[in-house]
Every structure is written in structure tokens, then in C-alpha cells.
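Breakdown of the fold
This is what each chain is made of:
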Amino acid sequence: MTTEPTNTPIDPNTVRELEKARADLVTVRGELKSARAERDAIRGERDEAIKSRDGLKAQFDKQKADGEKALADANAAVEQAKAAAEEAGKAATAQADAAVIRAEAKAAAVRLGAVNPEDVVKLIDLGTVKMGENGQVEGLDAVMDAARESRAYLFTEPAKAGTETGTTKTTPAPKAGDPAPFDATKANTKDVASAAAAAGLRWPTL
């Protein structure tokens, strides 16, 4: 004997609960979607911030490197200018010292009786002659003595002072009773005429 299925009536409360569950599911899905979108936006902002930070860091590093290079270049330029100034100062001092040494050598050649002092200075080796710390020329006497011995043809006997040779001429002292020397700046017309007559000259009279 077959039992016929019976249609059990559906509880209205169950239907309402099912519809409510479906509505809640839709709401949850919407909230989940919104949360995912917010999460993606936050991730995007984070990535942009990281990218911006890395860009700023790279820019800062480049500026730092450029600044350090500029500073190094400036320091190098200062050192180079300082070295050039020192070299120029040394060259100027050496040139001035050489000029003084040549002048002293020429004066020494004159004292030693050089025929042509310029030739003597050109021919001798002044490499061992130096300027001392006190500003005096050192080593010149030895060089000049050696030059006078090895190149005697460039020298003659140096001229001696008249007091040494006895050839010095001096004006003799006036003797008592001698007339005073004629002084044209103080003479009058009569004195000029007398002096001219004494010298055998004719002086016109007014």
C-alpha cells in the first residue's frame, strides 16, 4: 500500500528569516567590496608615498653628492691657487736675488780691474753664489778670485786711489800777503776792469 506524500505547509517565519538572511548577505557583500576598495586605495597611497620618498631620497642623495663634489672642486682650486702663488713668489724672489747677485758681481769685477765687467759677469758661474738670510751675498768673493785667476785676460790692474799713488792734486793753501781770489759775484765794474788788465785783456770803459 503506497503512502501519498503530504504537503507540509511552510512556516511564514522561515520565509522571512530566509529573506532577511539574503538581504544581510547582500549587505555583507557590499561592505566587503567597500572594504576591499578602501584597502586598495590605502595600498595605492602607501605605494605613492614610498615612491615619493624614494624620489626625494634620490634627489637628496644627488644634491648631497653634487654639493660634496663642488666643495672638493673649490678646495682643490684654492690649493692650486695657493701653490701657484707660492711658486710665483719663489720665482720672483729668485729673480730678485739673481739680479742682486749679478749687480754685486759686476761691482766686484770693477773693483778687481775688469776690462769689461759685463763680460766677466756673463762668463763666470754664479750658481754657487747665494743670498744669505741676512740679505748679504755669500760665496761671491771666491768665485771672483777664481775668475780672475782662470780668466786673467779679462782683468787689468785695478786703478789705485790718488792718495796711494801720490798723484792726488789739491789746491795749495793761500800764502800770507797773496791777493784774495777774484770773485765775479761780488766784484764791481772797477774790480772787473782791474782783473781784466791784470790778465792782459782790454776792458771797455764807459
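Residue numbers here run from 1 along each chain, matching the order of that chain's written sequence. Residues qualify for local features only when their pLDDT is at least 70, as the model is predicted, and side-chain atom pairs are given and counted only at 80 or more; totals for whole chains, interfaces and linings, by contrast, use all residues. Only heavy atoms go into the side-chain values, all of them from the structure, while hydrogens and water stay out.

On to the overall build of the protein chain. Comment: elements are numbered from the N terminus, with helices defined as DSSP H or I runs of at least four residues and strands as E runs of at least two. Tallying secondary structure elements over the protein chain gives five helices and two strands in all. With 206 residues in all, the protein chain has 10% of them scored as buried. The long-range share in the protein chain, meaning contacts at least 24 apart out of those at least 6 apart in sequence, stands at 49%. Within the structure as shown, the protein chain displays about 17,500 Å² of accessible surface, and the carbon and sulfur contribution to it stands at 57%. For every residue, the accessible area obtained with a 1.4 Å probe (protein chains only) is divided by the maximum for its type, and the residue is called buried under 20%, exposed over 50%, and partly exposed between those limits. In this description, contact between two residues means that some pair of their heavy atoms is separated by no more than 4.5 Å. Computed with the Shrake-Rupley method and a 1.4 Å probe, the accessible areas treat only the protein chains shown as cover for residues.

Glancing now at the pattern of salt bridges. Salt bridges are counted wherever a side-chain nitrogen of Lys or Arg sits within 4 Å of a carboxyl oxygen of Asp or Glu. Overall, the coordinates contain eight salt bridges when judged by the stated rule. Between Lys20 and Asp24 there is a salt bridge whose closest N-O contact spans 3.2 Å. In this pair, Lys20 and Asp24 are both assigned in helix α1 (residues 12–111), four residues apart and thus about one turn of the helix distant. Residue classification places Asp24 among the partly exposed residues on the basis of a relative accessible area of 38%. Notably, a salt bridge pairs Lys62 with Asp66, separated by 3.0 Å at the nearest N-O pair. Of this pair, Lys62 and Asp66 both sit in helix α1, four residues apart, which is roughly one turn of the helix.

Put simply, a nonpolar core is a bunch of buried Ala, Val, Leu, Ile, Met, Phe, Trp, Tyr and Cys residues held in one set by side-chain atoms that sit within 4.5 Å of each other. Membership of the largest hydrophobic core comes to 16 residues, with the highest contact counts inside it found for Ala105, Val120, Ile124, Leu126, Val129, Leu140 and Met144. In contact with Leu140, other than residues within four places in its own chain, are Glu104, Ala105, Ala108, Leu126 and Val129.

The next thing to look at is α1. With 100 residues, α1 ought to run about 148 Å at 1.5 Å a step, and its terminal C-alpha atoms sit 147 Å apart, in line with that. Turning to α1, its buried residues are Ile101, Ala105, Ala108 and Ala109. In this structure, the buried residues of α1 make contact with α2 (117–123), β1 (130–131), β2 (137–138) and α3 (140–150). Of the residues flanking the end of α1, it is Gly113, one or two places downstream, whose phi is positive at about 90°. Here the expected span of a helix is defined as 1.5 Å times the quantity of residues minus one.

A word on the environment of Val115. Checked against the element boundaries, Val115 lands in the loop between α1 and α2. Overall, the relative accessible area of 59% leaves Val115 in the exposed class. What Val115 contacts, discounting residues up to four positions off in sequence, is Tyr153, Leu154, Phe155 and Thr156.

For α3, every residue scored as buried is listed here: Leu140, Val143, Met144 and Ala147. Each buried residue of α3 sits inside an arc of 95° when the element is viewed along its axis, so together they form one side. Along α3, the residues that are exposed and aim more than 90 degrees away from the buried face are Asp141, Ala142 and Glu149. Tucked into the core, α3 has its buried residues touching α1, α2 and β2. Directions drawn from the helix axis to the C-beta atoms are what define this arc.

Here the focus is the confidence of the model for the protein chain. The predictor's confidence in any single residue is recorded as pLDDT, a number from 0 to 100. Here the protein chain averages 79 in pLDDT, and 72% of its residues register 70 or above. No element of the protein chain has a lower mean pLDDT than helix α4 (residues 162–165), at 50, and none a higher one than β2, at 90.

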